[in-house]
Amino acid sequence: MIKLHDLEFEPYISEKEINQAIEEISGKLNEDYKGKMPVFIGVLNGSFMVASEIIKRFDHDCEVSFVKMGSYVGTQSTGNVKTLVGLNQNLKGRQVVLLEDIVDTGNTLVELDKILTEAGVEDYKVATLFLKPEAYKKNIPVKYVGLEIPNKFIVGFGLDYDGLGRNLTQVYKRKE
Ligand SMILES: O=P(O)(O)OC[C@H]1O[C@H](OP(=O)(O)OP(=O)(O)O)[C@H](O)[C@@H]1O
Ligand SMILES: Nc1nc2[nH]cnc2c(=O)[nH]1
């Protein structure tokens, strides 16, 4: 059990399970993007760990960029997704892979969809380490999913509770 600010969290997803999920996503990306020179776009802050792990495993030429989006305060989505640092690369005609730590309500993806469409990408696919199917009700396809999880607030492996917990190497869920 660990405590972050006022809340207690218990171990939930081990490093081994996280690693297996990353290997699976990476294997598929290596097959699907061979010879295509994709641009990987990590969605900061949360995706820094998973983005690094996936990009390290990509065996072909690729480019890497980041955007910074934010919408969570405490354990809740505000529903108001802000672009904190936008794109600084021309993506016209490019094949993009968005790298996310988690897809929850999908509000962040809806905002990113607008940004990428406006940027004129050829296409984009979404890769996420975690997906909450009970919470995700948007129409944007999420092609590469590491692990589906119940609708519970988690921390670790990039995911925070009010700034803390991103450095944890396994994932914890809020203690019930
Ligand atoms: O599907 P959604 O409900 O939009 O949630 C997903 C987003 O929430 C988290 O980001 P957050 O807004 O907490 O910012 P952070 O990455 O800086 O922690 C996470 O990194 C995703 O980008
Ligand atoms: N830390 C954290 N951030 C999130 N952003 C969207 N869902 C979550 C979650 O379960 N935990």
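Residues numbered from 1 in each chain as written. Chains lettered and ligands numbered in written order. Predicted model: local features only at pLDDT ≥ 70, side-chain atom pairs only at ≥ 80, totals over all residues. Heavy atoms only, no water.

In the annotation of an unreviewed UniProt entry, the entry for the protein reads Hypoxanthine phosphoribosyltransferase, and the organism field reads Christiangramia aestuarii.

A count of helices and strands for the protein gives 3 helices and 10 strands. Reading the secondary structure of the protein in the N-to-C direction produces β-β-α-β-α-β-β-β-α-β-β-β-β. In summary, the protein has a C-alpha radius of gyration of 16 Å against a globular reference of 16 Å for 176 residues, a match within 12%. The principal-axis extent of the C-alpha atoms belonging to the protein is close to 45 × 35 × 25 Å. A total of 176 residues make up the protein; the buried ones form 46% of that total. The contacts of the protein with a sequence gap of at least 6 include a subset with a gap of at least 24, amounting to 69%. When the accessible area of the protein is evaluated, it comes to approximately 8900 Å², of which 46% is carbon and sulfur surface. Placing the 22 positive and 26 negative side-chain charges of the protein at their respective mean positions leaves the two points 2 Å apart. (Helix = DSSP H or I, 4+ residues; strand = E, 2+ residues; numbered from the N terminus. Rg over C-alpha atoms; globule rule 2.2 N^0.38 Å. Buried < 20%, exposed > 50% of the residue type's maximum accessible area, 1.4 Å probe, protein only. Contact = heavy atoms within 4.5 Å. Areas by Shrake-Rupley, 256 points an atom, 1.4 Å probe, with all protein chains shown as cover. Lys, Arg positive; Asp, Glu negative; His and termini not counted. Charge placed at Lys NZ, Arg CZ, Asp CG, Glu CD.)

Let us now look at the sheet that holds strand S4 (residues 63–73). The strands making up a sheet are joined through hydrogen bonds of the backbone, oriented either antiparallel or parallel. The mixed open sheet is built from 6 strands, whose spatial order is S5-S4-S3-S6-S7-S8. Both edges of this open sheet fall to strand S5 (76–85) and strand S8 (144–148), since each of them pairs with a single strand only. For this sheet, the mean angle separating the axes of adjacent strands, direction not counted, is 25°. Across 4 bridges, strand S7 (residues 123–131) lies against S8 in parallel orientation. Across the sheet, the residue bridging to Phe130 is Leu147, located in S8. (Pairing = 2+ DSSP bridges. Axes fitted to C-alpha atoms, helices over the stretch in contact; angles between N-to-C directions.)

Moving on: the site of ligand 2. Around ligand 2 sit Tyr72, Ile102, Asp104, Lys132, Lys152, Phe153, Ile154, Leu159 and Asp160, and those are all the residues in its vicinity. Residue Asp160 places a main-chain N or O atom 2.6 Å away from a nitrogen atom belonging to ligand 2. Contact with the protein chains covers 93% of the free accessible surface of ligand 2, which is 280 Å². The residue makeup of the shell around ligand 2, split by class, is 5 nonpolar, no polar and 4 charged. (Near = heavy atom within 4 Å. Polar contact = N/O pair within 3.5 Å; in protein donor to acceptor, adjacent residues only side chain to side chain. Nonpolar A, V, L, I, M, F, W, Y, C, P; charged D, E, K, R; others polar.)

Another point: the pairing of S7. Here S7 lies mainly inside the structure; 7 of its 9 residues are buried. Bridge analysis of strand S6 (residues 95–103) against S7 gives 8 bridges, and the strand direction is parallel. In the sheet register, Gln95 faces S7, and the bridge partner there is Asp123. Once the chain exits S6 it traverses helix H3 (residues 107–118) before rejoining the sheet at S7, and the crossover so formed is right-handed. (Right-handed = clockwise from strand over helix to strand, strands pointing away.)

Taken as a whole, helix H2 (residues 48–56) has its buried residues at Met49, Val50, Ala51, Ile54 and Ile55. Contacts from the buried residues of H2 go to helix H1 (15–32), strand S3 (39–44), S4, S6 and S7.

A separate point is the pattern of salt bridges. Summed over the entire model, instances satisfying the criterion amount to 9 salt bridges. Asp104 is the partner of Lys132 in a salt bridge, and the nearest nitrogen-oxygen pair spans 2.8 Å. On the criterion of sequence distance, the pair formed by Lys132 in the loop between S7 and S8 and Asp104 in the loop between S6 and H3 is long-range, its members being 28 residues apart. Exposure class is identical for Lys132 and Asp104. Each is buried. Lys114 is paired through a salt bridge with Glu111; the nearest N and O atoms lie 3.4 Å apart. Taken together, the residues Lys114 and Glu111, both in helix H3 and 3 residues apart, mark about one turn of the helix. One salt-bridge network, in which partners are shared between bridges, spans Glu23, Glu53, Lys56 and Arg57. (Salt bridge = Lys/Arg side-chain N within 4 Å of Asp/Glu carboxyl O.)

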